[in-house]
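The residues making up each chain are set out below.
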Amino acid sequence: MRDLFAATPARLKFLKSPRAEAQAVADILRRIALAHHDVSFTLSGDHLTTLDFRATGDDARGFAERVAQVLGRDFIDNAIAIEAEREGFRLTGFAGLPTWHRATAALQYVFVNGRPVRDKLLAGAVRGAYIDFLPAGRHAALALYVECDPREVDVNVHPAKAEVRFRDPGLVRGLVVGALKSAITNAGHRAADADARRSLGDAGQGSMGVRAERELGLARLARRALRDLRRRSRRPSTSAPSRRRRMRARMTPRVRKRSPRRSAPPARKCTRPTSSRRPATAWSSSTSTPRTSASSTSG
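Residues numbered from 1 in each chain as written. Predicted model: local features only at pLDDT ≥ 70, side-chain atom pairs only at ≥ 80, totals over all residues. Heavy atoms only, no water.

With that settled, consider the layout of surface pockets. Counted as a void, the largest pocket has a volume near 410 Å³. Around the largest pocket sit 19 residues that line it, and Ala60, Phe63, Arg90, Thr92 and Gly93 are the ones nearest its centre. Every element with two or more residues in the lining of the largest pocket is listed here: helix 2 (18–35), helix 3 (60–71), strand 3 (79–86), strand 4 (89–96) and strand 9 (142–147). It is strand 4 that provides the largest number of residues to the lining of the largest pocket, a total of four residues. Looking at the lining of the largest pocket residue by residue, the class counts come to nine nonpolar, five polar and five charged. (1 Å grid on protein atoms, 1.4 Å probe; cavity = no way out; pocket = protein on both sides within 12 Å on 5 of 7 lines; lining within 4 Å. Points joined across faces, edges and corners; volume = space filled by probe spheres on them. Helix = DSSP H or I, 4+ residues; strand = E, 2+ residues; numbered from the N terminus. Nonpolar A, V, L, I, M, F, W, Y, C, P; charged D, E, K, R; others polar.)

Below you can see the structure in the form of structure tokens.
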């Protein structure tokens, strides 16, 4: 492309780094490839890994092959096939096992009538279906396809056509949650561990494979229980005597201790020597001039 921002040069200022933009282009191509598995796609360039998605057949096997090309072979090995239908809505695709989870929701692809969307209703339905199976902060990987009558969905509610609005959102949410929960419950004996499956080799088939999967799941549960026990042991424990003292302190009324009053120190008597006393002064009734009681003598 040339002169891509000639008409809107302001968009050029909001571009991210070349690596981030390349990853965004690759994510868009993956979504388009999942929507059209009968078309080949190739993407190459700087700051990204070359993507080469060959066209597959129109049957279920070809559809699974395209999902494996985009999400990886490990996803197909640890995924459950989803197929449900209710009141004109049909749900198909693949959902990862609860033990095959990721830190982000980047591997969640949802399509409505062949259109890749990032709808809040569908994302909330996926979280509600996995809420009892995933630890906090983890996300499942899946590729779901919702098919319905075009008159039952409005695709013109978002400028980028990334969100849709269903005429009956409760029906769609119930379909997604019910189908995912039912599939996860039916496959509860399966445990996802790609490395362990590779080490099992040919033992992954037949009765020995089922037994190995069960033992693998039990070992994982034991490790999780041991990790929880270690976390609890790190917390400061409160002994019984200290709890009793704390309860006794709560039940005992608090009495405010008053400090005793200090008595005033005794008054000190101020005495002066006789020689330093002033002569007494007497007042005459006839005159206002004071007269002293001591008489003076001439030399």
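So, next bit.
With that out of the way, let us pick up the nonpolar core. The biggest cluster of nonpolar side chains holds 34 residues, and the ones touching the most others in it are Tyr130 and Leu180. It is helix 6 (residues 169–186) that contributes the most residues to this core, nine residues altogether. Once residues within four sequence positions are removed from consideration, Tyr130 is found in contact with Ala95, Gly96, Pro98, Ala140, Leu142, Leu180 and Ile184. Within the second largest apolar cluster, 27 residues are counted, among which are Ala26, Phe41, Leu43 and Val70. (Core = buried A, V, L, I, M, F, W, Y, C linked by side-chain atoms within 4.5 Å. Buried < 20%, exposed > 50% of the residue type's maximum accessible area, 1.4 Å probe, protein only. Contact = heavy atoms within 4.5 Å.)

On to the sheet that holds strand 4. Judged by pairing direction, the sheet is mixed, and its five strands sit side by side in the order 3-4-9-6-7 without closing on themselves. In this open sheet, the two strands that pair with only one neighbour each are strand 3 and strand 7 (115–117). Neighbour-to-neighbour, the strand axes of this sheet turn through a mean angle of 20°, independent of strand direction. As paired strands, strand 4 and strand 9 are joined by six bridges and run antiparallel to one another. Bridge pairing in strand 9 places Gly93 opposite Leu144. Against the sheet, helix 3 engages strand 4, strand 6 (108–112) and strand 9, with an angle of about 45° to strand 4. Its contacts with the sheet place helix 6 against strand 3, strand 4 and strand 9, and it is angled at close to 140° to strand 3. (Pairing = 2+ DSSP bridges. Axes fitted to C-alpha atoms, helices over the stretch in contact; angles between N-to-C directions.)

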